[in-house]
Structures are given as structure tokens and as C-alpha cells.
Amino acid sequence: MSEYIGPEAILEKKKKYIMPCLAHFYKKPREFVKGEMQYLYDSEGRKYLDCFAGVSVINCGHCNPEISSKVAKQVQTLQHVCNIYLTENFVNLAERLAQVTPGDIQKTFFCSTGTEANEGSCLLAEIYTKSSEFIALRNGLHGRTKLTMSLTGIGMWRTDPNPVGGINFAPNAYCYRCPLGKKYPECDLACANEIETIIKTATSGHPAAFIAEPIQGNAGIVVPPKGYFKRVMEILKQHGTLFIADEVQTGFARTGKMFAIENWDVVPDIMSVAKALGNGAPISAFMSTAKIADTYTQPGASTLGGNPVSTTAGLAVLDYIEKHNLMKNAQERGKQLKSGLMELQKRHPVIGDVRGIGLMVGAEFVNPDKSPAPDVLDDVLEELKDRGFIIGKNGIGRNVMAFQPPLVITEKDIDDVLNALELVLEEKKY
């Protein structure tokens, strides 16, 4: 008899004790009880290759011994005193972040969730610019507080019945389904140019900030074309508007660079990070240049932000990324994965588009008329789960197969998941 209560009992308790807003993947979900680098194990002992990493959290692998041992030692030494008292880890981690972030980003405020980081980034932008207007992208996702939910451009996550005003949405750079009906590069980055139109016609003329994920995760791994962010930065500078890069899902080596925005050769004014920084430990931060950060002078603290345990995890994560060259592995395995998916696309037109950078890759499932095919994707994901592969899904139509695996994934692992996907597509005649 299993020592675990199992999926059915968990679902019963979930229905009774958890708010109904929280859904779950799969018609027949499993109970996961153990993680080991790129692998997960369920309550019945089945092994799975994790290709989602808890939505870009476990970049260094589940229960990574080089990280977990340091965290365990810290838990047994000093867990918490609040950051209004002096401890060493949080200033050391802030120093390390200043060394790995682009440009002259230097100062950090630690908190616990990606939502908090984005909320803090927006607060800092308001303090510095003395403006309370924002521009966000359609289909972006920035959190679940009042402001960050209002900045979110996805209907299913925008559940607040009374969103904050003063926010305008620009068309996202979704070349496969261009919201402006244009083609790249003939479009001359019309989606970026629209930001200037919005500033001139729908704002005071100097909004506080433009906030964007370098690669939109929940939108379906939407990757802006080359030159997009440079054009955006030119427009923002003309109007004294800051650029907040939401790196919550894209940061810490996932795209083959430490931060995804570096793929566009621009430096944001403010950055939000979370998820992979703790490799499972709850930690986030917003960061900026000294010039901007030093305007935040009124009292501000976060009870658990920068606590000794989470910052120990953060330091260990940065050490592991560097020591094991995870950026290079993300580049190489990402090329292998993307190339393999594009080969499958040639034989299986249900895959309408393949896009991504590094180990953040999406395969969009479509019907013959190019309309989203979420039911097909769900069927394929369920079958892959039963064969030992956990893959995510996202997209506005919930029709994008999302690959965001631990960055320790191997060449053989990528071959295995591609082979399994091909078998499923062939057997089901998709």
C-alpha cells in the first residue's frame, strides 16, 4: 500500500478546502512526491522527464544537492530575523546581482514573489517619474495584486472586476498572429511604433513606465523580432518613460543569456526577477540603477524579503549556473529542441509555429484553418504524461506546447521527448 493519499484524495480535499480559482493540468493528474534534477516521481513510483520546471522555476534541477545542502545548513543555523536587521547573505546576493545584470543596474530590493517584484518595479517608476500612468502589452502577465493584475493583458488572469485606471495596452509583437495584420520585416515594427501613438494620444505624454516580458510566457512563448526593443527604447526615452523588464519567467540563463533582454542588446531601467533565482525557494527582487533606486527613500521593508534561507538559495543558484555553464547548455539544448520541433512541423501540420530562444520554446498547435487547437494539444499532453513526459501549455488559446525544462537537461533527454512526441502525433494521426 502506498504511503501517499494519491491523486483522487488530493482532488477531494482540494475541492473542499482550496478556492476554486486554482485549476490543475490533466484529466487524470498524478501526485508528485519526489524530484531529482530533471526528473519527477509520482506516488506510484513512476518517473517523468520534467520539461516545464514548475514554470521556469527549477532551472538548476529539482532538489539539486549543491543548492539544497547549503539551504539545509542555513535553515539549521539562522532562518529569519527580517531585513531591518543586519545579516550577510542579502547584501552579498545584491552584490552578485549587480555583477550579472546588464548595464549599470546596481541596487536591489528583495521580496518573495514575482508579483511583488513587479509591483515594486512599478512603485519605483512612479516615485522616480512622479507619474502614475503605465503602458503594458496585450497578452502580457505580470501578477495577481491589484496593480499587476490590471497590467495583465490576458482575460483569464485579469479577474479583478474593477481594474486600476491609467493603463494602456500596446499590441504585442506576435508575428505568427500579428495583431495589426502585418508581416515582418515589411511591417517596420509597427507594433513598437504604436507605443508612441499611445503615449501621444492616450496618456499625459509622459507615462511612468512601459512594462514587458522580453519573451511573453503565458501568451504562448511570444518572441519579439530583432530590433523591437531598441525601437521601443528610442520611443520611451523621447518621452521620459522608463522600461521595466519583467524577467520573472525568462531570467537566470533560460534563454542562453543570464537575462532574456540581453538577446536584444538593450538595457532596461528597472528589472523584476523571481522564480529561478531561488530554484524553489520563495525569493524575488526588483533592481535598478543607483540614479533611479536612490529616489526610493521613504521607509520600505519586506518581512520575508531577503531572508537568510532564500538568499542562500539565490547565491547557490548563481554559483551553480556559472560553475556548470548552464547558459551554454541552454543554448545548445535549445537549438536541438527547436530544430527537432521544426522537423516534426514539416510532417505534422498540427504544429503551426515553433518559436523561442534557448530552453524557452513553444510549439503552437493549430487546426487546418490556423485556428487554435487546444483540444488536440490537451490530448497530446495527456498521452505524453502517461509515457513519462511532463510538458507545459500556455497561449491565449491554451494551444501552445511550452518547453521550459530544467537547464540541466541532456542531449538524450531532448531526443527522448522529441521521439515520444513524434510517436504520439503519428499514432493519433495529427
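Nothing here was measured: the structure is a model prediction, and the numbers come from that model. (Residues numbered from 1 in each chain as written. Predicted model: local features only at pLDDT ≥ 70, side-chain atom pairs only at ≥ 80, totals over all residues. Heavy atoms only, no water.)

*Asks:* How should I be thinking about the sheet that holds strand S7 (residues 209-212) in this particular structure?
*Replies:* In a beta sheet, neighbouring strands are held together by backbone hydrogen bonds and run either parallel or antiparallel to one another. Read across the sheet, seven strands follow the order S4-S10-S9-S8-S7-S5-S6 without closing on themselves; strand pairing throughout is mixed. The sheet is open, and its two edges are formed by strand S4 (105-111) and strand S6 (167-170), each paired on a single side. Within the sheet, the average angular offset between the axes of one strand and its neighbour, ignoring direction, is 20°. Taken strand by strand, helix H4 (residues 89-100) contacts S4 and strand S10 (284-289), and its axis lies near 135° from that of S4. Sitting on the sheet, helix H7 (residues 190-202) is in contact with strand S5 (134-137), S6 and S7, with an inclination near 150° to S6. (Pairing = 2+ DSSP bridges. Helix = DSSP H or I, 4+ residues; strand = E, 2+ residues; numbered from the N terminus. Axes fitted to C-alpha atoms, helices over the stretch in contact; angles between N-to-C directions. Contact = heavy atoms within 4.5 Å.)

*Asks:* Quick question: what am I supposed to make of the pairing of S7 here?
*Replies:* Taken residue by residue, a regular strand's side chains alternate between the two faces of the sheet. Of the two faces of S7, both are covered, the one formed by Ala209 and Ile211 as well as the one formed by Phe210 and Ala212. Across four bridges, S7 lies against strand S8 (residues 242-246) in parallel orientation. Counterpart to Ala212 in the pairing with S8 is Ala245. The parallel pair S7 and S8, bridged by helix H8 (residues 228-238), forms a crossover whose chirality is right-handed. (Buried < 20%, exposed > 50% of the residue type's maximum accessible area, 1.4 Å probe, protein only. Right-handed = clockwise from strand over helix to strand, strands pointing away.)

*Asks:* Teacher, can you tell me more about the pattern of salt bridges here?
*Replies:* Opposite charge on two side chains permits them to pair, given that their charged atoms come into close proximity. According to the stated counting rule, one finds 25 salt bridges in the structure shown. Residue Lys385 pairs with Glu382 through a salt bridge whose shortest N-O separation is 2.9 Å. With Lys385 and Glu382 both in helix H12 (residues 374-386), this residue pair falls three residues apart, about one helical turn. With a relative accessible area of 14%, Glu382 lands in the buried category. Note that Arg387 and Glu427 form a salt bridge whose closest N and O atoms lie 2.4 Å from each other. Here the residue Arg387 occupies a position in the loop between H12 and strand S13 (389-390), and Glu427 occupies one in helix H13 (residues 411-427), the gap between them amounting to 40 residues. Several salt bridges share partner residues, and in doing so they unite Arg30, Glu382, Lys385 and Asp386 into one network. (Salt bridge = Lys/Arg side-chain N within 4 Å of Asp/Glu carboxyl O.)

*Asks:* How do you make sense of the sheet that holds strand S15 (residues 400-403) when you look at a structure like this?
*Replies:* Strands sit in the order S11-S12-S15-S14 across an open sheet of four strands; the sheet is antiparallel. The strands lining the two open edges of the sheet, one partner per strand, are strand S11 (351-357) and strand S14 (392-394). Shown here is a sheet whose adjacent strand axes are inclined to one another by a mean of 25°, direction ignored. Here six bridges tie S11 to strand S12 (residues 360-365), and the two strands are oriented antiparallel to one another. Bridge pairing in S12 links Asp353 to Glu364.

*Asks:* Any chance you could explain the pairing of strand S1 (residues 32-36) here in plain terms?
*Replies:* Bridging between S1 and strand S2 (residues 39-42) involves four bridges; their strand directions are antiparallel. Directly across from Glu36, in S2, lies its bridge partner Tyr39. Between S1 and S2, which pair antiparallel in sequence order, lie two residues; one of them, Met37, sits at a positive phi of approximately 55°.

*Asks:* Explanation requested: the packing of aromatic side chains in the structure shown.
*Replies:* Aromatic rings considered in pairs are described by the distance between their centres and by the relative angle of their planes. Taken as a whole and assessed by the stated rule, the structure comprises 10 aromatic pairs. Aromatic pair Phe25 and Tyr26: ring centres 6.1 Å apart, planes at 85°, arrangement edge-to-face. With 5.1 Å between their ring centres and 65° between their planes, Phe252 and Phe259 make a pair best called edge-to-face. Exposure remark for Phe252: the relative accessible area of 0% places this residue in the buried category. On the basis of relative accessible area, Phe259 is assigned to the buried category, the value being 0%. Aromatic ring contacts, followed pair by pair, group Phe210, Tyr228, Phe229, Phe243 and Trp264 into a single cluster. Positioned over the ring face of Tyr39 is Lys47, at 4.1 Å from the centre of the ring. A cation sits over an aromatic face here: Lys393 above Phe25, 5.6 Å from the ring centre. (Phe/Tyr/Trp six-rings, centres within 6.5 Å; stacked < 30°, edge-to-face > 60°. Lys NZ or Arg CZ within 6 Å of the ring centre and 35° of its normal.)

*Asks:* It is not clear to me how helix H3 (residues 65-75) should be interpreted in this structure. Could you clarify?
*Replies:* Because each turn of an α-helix spans 3.6 residues, side chains separated by three or four positions in sequence point in the same direction. Turning to H3, its buried residues are Ile67, Val71 and Gln74. Each buried residue of H3 sits inside an arc of 60° when the element is viewed along its axis, so together they form one side. Seen from the buried face of H3, the exposed residues on the opposite side, beyond 90 degrees, are Pro65 and Lys73. Against the buried residues of H3 lie H4 and helix H10 (308-323). (Arc of directions from axis to C-beta.)

*Asks:* Is there a simple way to explain the packing of H4 against H10 in this structure?
*Replies:* Think of two packed helices as two axes; the pair is described by the angle between the axes and how far apart they sit. Where H4 contacts H10, the axes come no closer than 9 Å and their chain directions differ by 35°. Both H4 and H10 take part in a crossing whose hand is left-handed. Mapping the contact onto sequence places Asn89, Phe90, Asn92, Leu93, Arg96 and Leu97 in H4 and Pro308, Thr311, Thr312, Gly314, Leu315, Leu318, Asp319 and Glu322 in H10. Here the contact of H4 with H10 is composed, by residue class, of six nonpolar, five polar and three charged. (Left-handed = near helix turned anticlockwise from the far one by under 90°. Nonpolar A, V, L, I, M, F, W, Y, C, P; charged D, E, K, R; others polar.)

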